[in-house]
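A look at the structure
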Amino acid sequence: MSKKDIVLSVEDLTVSFDGFKAVDDLSFYVDEGEIRVIIGPNGAGKTTVLDLICGKTKATSGSIKFHDLELTKLKEHEIVEAGVGRKFQNPSIYEALSVFENLELSYPKGKRVFGALFFKRTDEVINKVKEIARMIYLDDKLDVKASLLSHGQKQWLEIGMLLIQNPKLLMLDEPVAGMSVAEREKTAELLKNITKNRSVIVIEHDMKFVEHIADRVTVLHQGKFLAEGSMQSIQKNQKVIDVYLGQ
Ligand code: ADP
Ligand code: MG
């Protein structure tokens, strides 16, 4: 492959809450197939950046381009339809439904929500659900109620519910918080397996996990861009050590 395509261009992005700039003149670019990790102290503006990209929060100024689409002008559902998926910190799965049913409901053609359960299951849907279930390590749990899954398995299920919609940009906010070491390692493998034709933005505090998955790391501090580069270069960056890693 030649030069990589830029999938997401964030330029001069600012959001002000009653005069307080949670994100302040931020610019960064994400390539196709890249896993980008955003790190920084609590309150740095990381979650707000994802809120701005997915349209949950409206920018005060600046631009967010997904390919040629200006996302700051779109509504949340239009951004999802354009191919941007976002996972929040707490999983939003249907606890009373099985793994299979949760994935089936997220399948794009199954958007009739609960009605979808009573329609004929096509082979197309069944095969896709099984394929995704294998990717998220839940292929032997298809009939298990989501409420019975471990915390980590619930997180994977929600990632699966996003993956089945085939987003081209997937955003995850602290996906391994509360997971066991073994689950963290499997999550890292999972993320590395889904980046073909897809970019991923991850917010995470677990530096071992970040080191494992990140192509590049962007560091935020007080809403502003502080540094960017490989994990190796970030770990040696004195500004980053001073505000975050050295704590
Ligand atoms: P991080 O995810 O890096 O810990 P956040 O993006 O959640 O940080 O928050 C950045 C700052 O913006 C915090 O000081 C937070 O209190 C503030 N903030 C976030 N959302 C809002 C909002 N809707 N209204 C007012 N302040 C907000
Ligand atoms: Mg946050």
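In this report, the structure presented in the accompanying data block is examined.

Reading the values: the criteria
- Residue positions within a chain follow its written sequence, with the count starting from 1.
- Labels are handed out in written order, letters beginning with A for the chains and numbers beginning with 1 for the ligands.
- In keeping with the model being predicted, local features are shown solely for residues with a pLDDT of at least 70 and side-chain atom pairs are shown and tallied solely at 80 or more, while totals for entire chains, interfaces and linings include all residues.
- Only heavy atoms go into the side-chain values, all of them from the structure, while hydrogens and water stay out.
- The term salt bridge refers to a side-chain nitrogen of Lys or Arg lying within 4 Å of a carboxyl oxygen of Asp or Glu.
- What counts as a helix is a DSSP run of H or I of at least four residues, what counts as a strand is a run of E of at least two, and both are numbered from the N terminus.
- Following DSSP output, two strands are said to pair if at least two bridges run between them.
- Throughout, a contact is declared for two residues whenever any of their heavy atoms are within 4.5 Å.
- Axis lines are fitted to C-alpha atoms, over the contacting stretch for helices. Their N-to-C directions set the angle, which ranges from 0 to 180 degrees.
- The rule for a residue being near a molecule or strand is that one of its heavy atoms must lie within 4 Å of it.
- Under the rule applied, a polar contact is a pair of N or O atoms within 3.5 Å (in protein, one hydrogen donor and one hydrogen acceptor; residues adjacent in sequence only if both atoms are side-chain atoms).
- Surface accessibility in these figures is a Shrake-Rupley result with a 1.4 Å probe; residues are shielded only by whichever protein chains are displayed.
- Residue polarity is assigned by list, with Asp, Glu, Lys and Arg as charged and Ala, Val, Leu, Ile, Met, Phe, Trp, Tyr, Cys and Pro as nonpolar; anything else, Gly included, falls into the polar class.
- Any angle from 65 to 115 degrees is called roughly perpendicular, while one under 35 is roughly parallel, one over 145 is roughly antiparallel, and all others are oblique.
- Handedness of each helix crossing follows the sense of rotation of the near helix against the far helix: counterclockwise by less than a right angle gives left-handed, clockwise gives right-handed.

Concerning the pattern of salt bridges
Counting across every chain of the model gives 14 salt bridges. One salt bridge connects arginine 86 with aspartate 173, and the closest N-O pair in it is separated by 4.0 Å. Taken together, the positions of arginine 86 in strand E6 (residues 84-87) and aspartate 173 in strand E7 (residues 169-173) put the pair 87 residues apart, joining distant regions of the chain.

Focus on the sheet that holds strand E5 (residues 69-70)
Pairing is antiparallel across the open sheet formed by four strands, whose spatial order is E2-E1-E4-E5. What marks the edges here is a single partner per strand, and that holds for strand E2 (20-31) and E5. By the bridge criterion, eight bridges tie strand E1 (residues 6-17) to E2 in an arrangement that is antiparallel. By the bridge assignment, serine 16 is partnered in E2 with lysine 21. Sheet strands in contact with helix H1 (residues 46-53) are E1, E2 and strand E4 (61-66), and its direction is about 70° off that of E2.

Looking at the site of ligand 1
Residues in contact with ligand 1, as listed here, are Phe17, Phe20, Ala22, Pro41, Asn42, Gly43, Ala44, Gly45, Lys46, Thr47 and Thr48. One of the backbone N or O atoms of glycine 45 is found 3.0 Å from an oxygen atom in ligand 1. A distance of 2.8 Å separates an oxygen atom of ligand 1 from a polar side-chain atom of lysine 46. Calculation on ligand 1 without its partners gives an accessible area of 560 Å², and the protein chains cover 58% of this total. Among the secondary structure elements, those contributing two or more residues to the shell around ligand 1 are E2 and H1. For the shell around ligand 1, the element with the most residues is H1, which contributes three residues. Considering only residue class, the shell around ligand 1 consists of five nonpolar, five polar and one charged.

Considerations on the packing of helix H3 (residues 99-106) against helix H5 (residues 151-163)
Packing of H3 against H5 leaves a shortest axis separation of 8 Å and a crossing angle of 30°. The angle between the axes of H3 and H5 places the two elements in the roughly parallel class. Handedness of the H3/H5 crossing: right-handed. Mapping the contact onto sequence places Val99, Asn102, Leu103 and Ser106 in H3 and Leu157, Gly160 and Met161 in H5.

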